[in-house]
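# Structure assessment
Spelled out, the chains give:
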Amino acid sequence: MFAVIRTGGKQYRVAAEDVLKVDKVKGSPGEIVQFGEVLVVGGDNVTLGQPTIAGASVAAEVLEQGRGPKIIAFKKRRRKNSRRKRGHRQEFTLVRVTEILTDGAKPTKTARPKREPKPVAAAPAAAEEAEPAETRAPKRKAQAKTQAKAAKKPSKPPAKKAAKAKSGGKGKKK
């Protein structure tokens, strides 16, 4: 079964368990939101709305509220010393469609409980913390880099460069 819904001025063809990125809708992650503007419901028989289907809705779970990539709007008027730079990030909501409802039905599924991380065994964590920092091997790459930099640095600048630096430029001053 599929449906065509309208939200945020756009239309989306959805089916159960689809994940979509729509313009921002109210709801925190884990909540169930309903889209009431259903234009078409399809499956064995297709129902078209005029313009929407009365009593039909689509239930979806909010997965994430986020912001898209930054878009820069730069305007310049040549020879006028006039320019404007603005940035914009469009807000979006990531939703997972849970079910397509008809005849004014209410959503049967509730928001999924948030998963808690599994507790880690205490023995391995305690062993890592108990190990002193002195017994660990030093980082050799970092030491090698600092030694190489120290070896490359000359102690005194060459004579020509020193003379230019003292005179303050390319040649003799008048």
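Residues numbered from 1 in each chain as written. Predicted model: local features only at pLDDT ≥ 70, side-chain atom pairs only at ≥ 80, totals over all residues. Heavy atoms only, no water.

## Quick look at the sheet that holds strand 6 (residues 47–48)
Ordered by their spatial adjacency, 4 strands build an open sheet running 2-1-5-6, and the pairing between neighbours is antiparallel. Either end of the sheet is taken by a strand with one partner, and the two such strands are strand 2 (10–15) and strand 6. (Pairing = 2+ DSSP bridges. Helix = DSSP H or I, 4+ residues; strand = E, 2+ residues; numbered from the N terminus.)

## Points about the sheet that holds strand 10 (residues 91–101)
With antiparallel pairing, the 4 strands of this open sheet are ordered in space as 3-10-7-4. Of all strands in the sheet, those bounded by a partner on one side alone are strand 3 (19–23) and strand 4 (32–35). Taking each pair of neighbouring strands and ignoring which way they run, the sheet shows an average axis angle of 45°. (Axes fitted to C-alpha atoms, helices over the stretch in contact; angles between N-to-C directions.)

## Things to note about the pairing of strand 7 (residues 57–67)
Judged from the 4 bridges that link them, strand 4 and strand 7 form a sheet pairing that is antiparallel. Paired with Ile 32 across the two strands is Glu 61, which belongs to strand 7. Pairing geometry for strand 7 and strand 10, over 10 bridges, is antiparallel. Each residue of the ladder has a partner; that of Glu 61, found in strand 10, is Arg 96.

## Focus: the environment of Ala 59
Among the secondary structure elements, Ala 59 is positioned in strand 7. Here Ala 59 falls in the buried class, since its relative accessible area comes to 0%. With 36 residues separating them in the primary sequence, Ala 59 and Val 95 have C-alpha atoms 9.7 Å apart. Every residue in contact with Ala 59, bar those within four places of it in the chain, is listed here: Ile 32, Val 33, Gln 34, Val 97, Thr 98, Glu 99, Leu 101 and Pro 107. (Buried < 20%, exposed > 50% of the residue type's maximum accessible area, 1.4 Å probe, protein only. Contact = heavy atoms within 4.5 Å.)

## Regarding the pattern of salt bridges
Here the structure, examined in full by the defined rule, presents 4 salt bridges. A salt bridge links Glu 91 to Lys 24, with the nearest nitrogen and oxygen atoms 3.9 Å apart. Here the residue Glu 91 occupies a position in strand 10, and Lys 24 occupies one in the loop between strand 3 and strand 4, the gap between them amounting to 67 residues. On the accessibility criterion, Glu 91 (35% relative accessible area) is partly exposed. (Salt bridge = Lys/Arg side-chain N within 4 Å of Asp/Glu carboxyl O.)

## Considering unusual backbone geometry
The step from Gln 50 to Pro 51 runs through a cis peptide bond, and the omega angle for that step is -5°. Tracing the sequence through the fold places Pro 51 in the loop between strand 6 and strand 7. Although it is not a glycine, Arg 79 adopts a positive phi angle of roughly 65°. Relative to the helices and strands, Arg 79 is located in the loop between strand 8 (71–77) and strand 9 (82–88).

## Overview of the packing of aromatic side chains
Counted by the stated rule, this structure contains 0 aromatic pairs. The lysine or arginine in question, Arg 13, covers the ring of Phe 2, its NZ or CZ lying 4.2 Å from the ring centre. Residue placement shows Lys 21 over the ring face of Phe 92; its charged tip is 4.4 Å from the ring centre. (Phe/Tyr/Trp six-rings, centres within 6.5 Å; stacked < 30°, edge-to-face > 60°. Lys NZ or Arg CZ within 6 Å of the ring centre and 35° of its normal.)

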